[in-house]
Amino acid sequence: MEGEFHADMGPQYEGEVIRKEDLYIEFGGPKVAHKFELATVKSPDEIENEKVEIIGPDLDDLQPYDEEKGGGSYPIAVLVDVAGGELDKDAEAIIERRIHMFTNMIEGWYHMNQRQDVWMRINKDCYKKGFTSLRELGEIYILLYTSEMSIIESIQVTIITDEKKIEELLPHALEVYAARDERARTLNDEDVDTFYGCVLCQSFAPTHISIITPNRIANCGAINWFDGRAAAKIDPDGPIFAIPKGELIDAIKGEYSGANAIEAEKSLGTYDRVYLYSAFEHPHTSCGCFEAIVYYIPEADAFGVVNRDFKGETVVGETFSHMAGETSGGKQIEGRLGTGLEQLRSPKFIQADGGLARIVWMPKDIKERVKDALEAKGLYDKIATEEDVKNVDELLEFLEKVGHPWIKGEVELPT
Amino acid sequence: MTKTIAMAGKGGVGKTTVAALIVKLLSQKGLVLAVDADPSTNLNQALGLPLDDSQTVGRIREKMTEDVSRGTLSPTIVKQEYLFGKIVESLAESKGFDLIAMGRPEGPGCYCASNRFLRTSLDKLVQDHEYDYIVMDCEAGLEHISRQTTRDIDVLLIMSDPTIRGITAAARMKKLIEELRSNVGKTGLIVNRVKGELSPEIKRAIEESGLEVLALIPEEPDMSDLEMKGKPVTDLPQESPLQSKVKEIVESLSL
Ligand SMILES: Nc1ncnc2c1ncn2[C@@H]1O[C@H](COP(=O)(O)OP(=O)(O)OP(=O)(O)O)[C@@H](O)[C@H]1O
Ligand code: SF4
Ligand SMILES: [Mg+2]
């Protein structure tokens, strides 16, 4: 590899940081509004193999960073177009993420973040050694992609520094990212063989294990299935680990043999069954870290939700902290579920019990946060908040008045 | 090996002032990470750096949590990596040192996972940047010392004014920190804003506290003028009493 380029390459440079004092020029980053990187799988005839195109000023056209005057931060877009018989849309995110690693492998280059947040730096030394064109960066990408990913049959790289052009293309990139996220959100428990477990909270909730699945974010809201997968890959024996899903026992309540087995092991035999999609019978354990509590309201035969930041009394007259005291400690408590807030968006959220349509009360703040999800189900106006009702009697009246689907008997439980 | 120096002491005794001067001095010997672990974030001012309030670690964490529940953070972006990226973006870079502001610590409740992400991020930050020194300016309440960093402290500088109350508070902090952290290298007392001699009562209180006196810093006459002009303390001339005393302290610690 050496000789051909004006910079050395290799994994030894991956941890290299470029501080402002060594900075020649930076692209993207917090000071720059328009920036992104995007990999696209195309058909072979749309690609001119190994072509590198630079649109806009090149490295040696740009004013470098100056200690006195500042500056030196410029917009950038990196487009990697690839083709290959085995490549599909799902590969795009993986290919795109490699830009991070490949850039960091170049001596004197630094890359942070991804998508519309990208941030690249080149240091003074590297420029001085002759790395004066972005074309070289493109050529290095092509070399690394083709040598490390044999699945790629043809590739072209476009690096844009022309701000107008980047601004013009950015909305398309954002659409692509949103579509990818949408695909990730529609990933279901049925689609994977592996769940993840987390026992970080066992220090104070010794029988607690969070089971993290595509349809179930952790109680604390901080670890979803993708986070679990990343953590388990880095440190498989750590507190976040893979769980083989096992056999599906009950598709509605969300019972899996693999989840049952790990529940038994990690709760030291206290529990041997867990329902992932119900608040009754064998609900998920609650540690103490949960962002919110889903609680049963007997008078309405429905549920309320209260989050940690809500300081007032809930509709049943209890505060979050009072309820949290009863709900925490790693127990399975029927009718009580510690949960991550994002879980309200999951299609399997207490699906066995009627799902979101069984929720009758939540704090206004939360209702606003999940507004889109509630509106999609026609529930936004049906759920009471602290501004609508003060107690259970008022709640029942409210539900009657707005015609809450659960109270009206319109919600059918899945069978 | 990175050396960590932490400042402690009751409110208003000069922790931030001395921390800033130490950062400046050490930055001539190696690369420094200045950690503002006080939620009221004023180490940046003492160092003459601008700071955007949305750029504290606490704020970054809060925003991430909120974005997750709003469904606006991409589910596929690994939160550990995301947090690390935002923390690196939040660094204020200067000659020989970077500044990170911790901001408000988390509210009530438990944050096992996000605290773990934070700790991992901070460890990675120190490792990648190969800082030679970390200087932590702590708040009087010691919130961050107890929770947000797992780093060993090589030198704990407890500050006090020349009052019995200050010395008593310093003694209490020494005990508390030693209970929280088994790994504290050297602990020493700095008495700041000393005018003339220490009174016999204070000398006795120091003796009883078991704290080793590292230095007495005199009242700095130019300080109020500097503050009136809104200038950072690091603008004090090298030979000013405060600067030269801090220089002595750093030299005596052979950092
Ligand atoms: N040696 C000194 N001579 C004169 N003034 C000083 C001296 N040391 C500190 N001061 C002044 O004392 C005030 C408090 O100092 P500083 O903010 O550094 O204290 P602190 O311990 O960080 O306070 P806090 O607990 O509020 O964070 C400041 O106005 C500062 O300028
Ligand atoms: S609540 Fe979060 S940190 Fe605690 S065990 Fe569950 S996933 Fe882990
Ligand atoms: Mg201070």
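Residues numbered from 1 in each chain as written. Chains lettered and ligands numbered in written order. Predicted model: local features only at pLDDT ≥ 70, side-chain atom pairs only at ≥ 80, totals over all residues. Heavy atoms only, no water.

Peer 1: Quick one: what's the story with the site of ligand 2, residue by residue and with numbers?
Peer 2: Inspection of the region around ligand 2 gives 13 residues, with Cys198, Cys201, Ser210, Ala218 and Cys220 of chain A positioned closest. Of the residues contributing to the shell around ligand 2, the split by class is 10 nonpolar, three polar and no charged. (Near = heavy atom within 4 Å. Nonpolar A, V, L, I, M, F, W, Y, C, P; charged D, E, K, R; others polar.)

Peer 1: Residues and numbers for helix α1 (residues 91–104) of chain A, please.
Peer 2: All names here are of chain A. In this model α1 runs 21 Å from its N-terminal to its C-terminal C-alpha over 14 residues, within 8% of the 20 Å that 1.5 Å per residue would give. Within the sequence span of α1, burial applies to Ala91, Glu92, Ile95, Glu96, Ile99, Phe102, Thr103 and Asn104. On the buried face of α1, the contacting elements are β2 (35–41), β5 (76–83), β6 (109–112), β7 (119–123), α3 (134–148) and α4 (163–185). (Helix = DSSP H or I, 4+ residues; strand = E, 2+ residues; numbered from the N terminus. Expected span 1.5 Å × (residues − 1). Buried < 20%, exposed > 50% of the residue type's maximum accessible area, 1.4 Å probe, protein only. Contact = heavy atoms within 4.5 Å.)

Peer 1: Please give an account of the packing of aromatic side chains that cites residues and values.
Peer 2: All names here are of chain A. In this structure the tally under the stated criterion is 12 aromatic pairs over all chains. Here the aromatic rings of Trp225 and Phe226 are separated by 5.3 Å at their centres, their planes lie at 85°, and the arrangement is edge-to-face. Here Trp225 and Phe226 have matching classes, each one buried. The interplanar angle of 40° and the centroid separation of 5.5 Å between the aromatic rings of Phe280 and Phe303 together place this pair among those described as tilted. Of this pair, Phe280 sits in the loop between α6 (257–266) and β14 (292–297) while Phe303 is found in strand β15 (residues 302–307), placing the two residues 23 residues apart along the sequence. Taking relative accessible area as the criterion, Phe303 reaches 0% and is therefore assigned buried. Here a set of aromatic residues connected by ring pairs shows up, and it is made of Tyr196, Trp225 and Phe226. Above the face of the Tyr380 ring, Lys367 is positioned so that its terminal group lies 4.8 Å from the ring centre. (Phe/Tyr/Trp six-rings, centres within 6.5 Å; stacked < 30°, edge-to-face > 60°. Lys NZ or Arg CZ within 6 Å of the ring centre and 35° of its normal.)

Peer 1: So, the packing of helix α1 (residues 15–26) of chain B against helix α10 (residues 241–252) of chain B: which residues are in play, and what are the values?
Peer 2: Residue and element names in this part refer to chain B. The interhelical angle for the contact between α1 and α10, taken along N-to-C directions, is 65°, at an axis separation of 10 Å. Relative to α10, α1 is oriented so that their crossing is right-handed. Between α1 and α10, the residues in contact are Thr17, Val18, Leu21, Ile22, Leu25 and Leu26 and Leu242, Gln243, Val246, Lys247 and Val250, respectively. (Axes fitted to C-alpha atoms, helices over the stretch in contact; angles between N-to-C directions. Left-handed = near helix turned anticlockwise from the far one by under 90°.)

Peer 1: Just give me the short version of the sheet that holds strand β11 (residues 240–244) of chain A, but keep the residues and values in it.
Peer 2: All names here are of chain A. The strand order β10-β9-β11 describes an open sheet built from three strands, whose pairing is antiparallel. Strands with a single pairing partner mark the edges of an open sheet, and in this sheet they are β10 (210–212) and β11. For this sheet, the mean angle separating the axes of adjacent strands, direction not counted, is 35°. Where strand β9 (residues 194–198) lies against β10, three bridges are found, and the strand directions are antiparallel. Along β10, the bridge assignment pairs Tyr196 with Ile212. Against the sheet, helix α5 (residues 225–234) touches β9, β10 and β11, its axis set at about 80° to β9. Sitting on the sheet, α6 is in contact with β10 and β11, with an inclination near 135° to β11. (Pairing = 2+ DSSP bridges.)

Peer 1: I'd like a description of the nonpolar core, backed by residues and values.
Peer 2: With 86 residues, the main nonpolar core has Ile211 and Ile223 of chain A together with Leu33, Ile100 and Leu125 of chain B as its most contacted residues. Of the residues forming this core, the biggest block, seven residues, is contributed by helix α5 (residues 112–129) of chain B. Leaving out residues up to four positions away in the same chain, Ile223 of chain A has contacts with Cys198, Ile212, Ile217, Ala218, Gly228 and Ile240 of chain A together with Ala113 and Phe117 of chain B. Of all hydrophobic cores here, the second largest spans 43 residues; its members include Phe102, Met105, Phe131 and Leu134 of chain A. (Core = buried A, V, L, I, M, F, W, Y, C linked by side-chain atoms within 4.5 Å.)

Peer 1: Describe the pairing of β5 of chain A, with residues and values.
Peer 2: A regular strand carries its side chains on alternate faces of the sheet. Residue and element names in this part refer to chain A. The buried fraction of β5 amounts to eight of the eight residues, a majority that puts the element mostly inside the structure. Here β2 runs beside β5; their pairing, made up of seven bridges, is parallel. From the neighbouring strand, Thr40 faces β5, where its bridge partner is Asp81. One ladder, built from seven bridges, connects β5 with strand β8 (residues 154–160); its direction is antiparallel. Among the inter-strand pairings, Val78 is bridged to a residue of β8, identified as Ile159.

Peer 1: Summarise the site of ligand 1; cite the residues concerned and give the values.
Peer 2: Residue and element names in this part refer to chain B. With respect to spatial proximity, 17 residues lie near ligand 1, and among them Lys15, Thr16, Thr17, Asn192 and Glu220 are the closest. Here Gly14 contributes a backbone N or O atom positioned 2.9 Å from an oxygen atom of ligand 1. Between Lys15 and ligand 1, the recorded distance is 2.8 Å, taken from a side-chain N or O atom to an oxygen atom. Taken by itself ligand 1 offers 630 Å² of open surface, and the protein chains cover 82% of this. (Polar contact = N/O pair within 3.5 Å; in protein donor to acceptor, adjacent residues only side chain to side chain. Areas by Shrake-Rupley, 256 points an atom, 1.4 Å probe, with all protein chains shown as cover.)

Peer 1: Please give an account of the sheet that holds β7 of chain A that cites residues and values.
Peer 2: On the basis of which strands lie adjacent, the open sheet formed by four strands has the order β4-β1-β7-β6 (chain A) and mixed pairing. On the outer flanks of this sheet lie β4 (73–74) and β6 of chain A, each paired with one strand and no other. Direction of pairing for β6 of chain A relative to β7 of chain A: antiparallel, over a ladder of four bridges. The partner of Trp109 of chain A across the bridge, within β7 of chain A, is Ile122 of chain A. Helix-sheet contacts for helix α4 (residues 79–90) of chain B involve β6 and β7 of chain A, and the interaxial angle to β6 of chain A is about 120°.

Peer 1: Please set out the side chain of Thr161 of chain A residue by residue, giving values where relevant.
Peer 2: Residues and elements named next belong to chain A. Here Thr161 lies in the loop between β8 and α4. Taking relative accessible area as the criterion, Thr161 reaches 6% and is therefore assigned buried. With sequence-adjacent residues up to four places away left out, Thr161 is seen in contact with Phe27, Ile55, Gly56, Pro57, Pro75, Leu134 and Ile166.

Peer 1: Can you explain the confidence of the model for chain B? Please cite residues and give values.
Peer 2: Residues and elements named next belong to chain B. Averaged over every residue, the pLDDT of chain B is 89; the share at 70 or more is 93%. Ranking the elements of chain B by mean pLDDT puts helix α6 (residues 143–147) last with 58 and α1 first with 97. The complex model carries a pTM of 0.87, and its ipTM stands at 0.86. (pLDDT = per-residue confidence, 0-100.)

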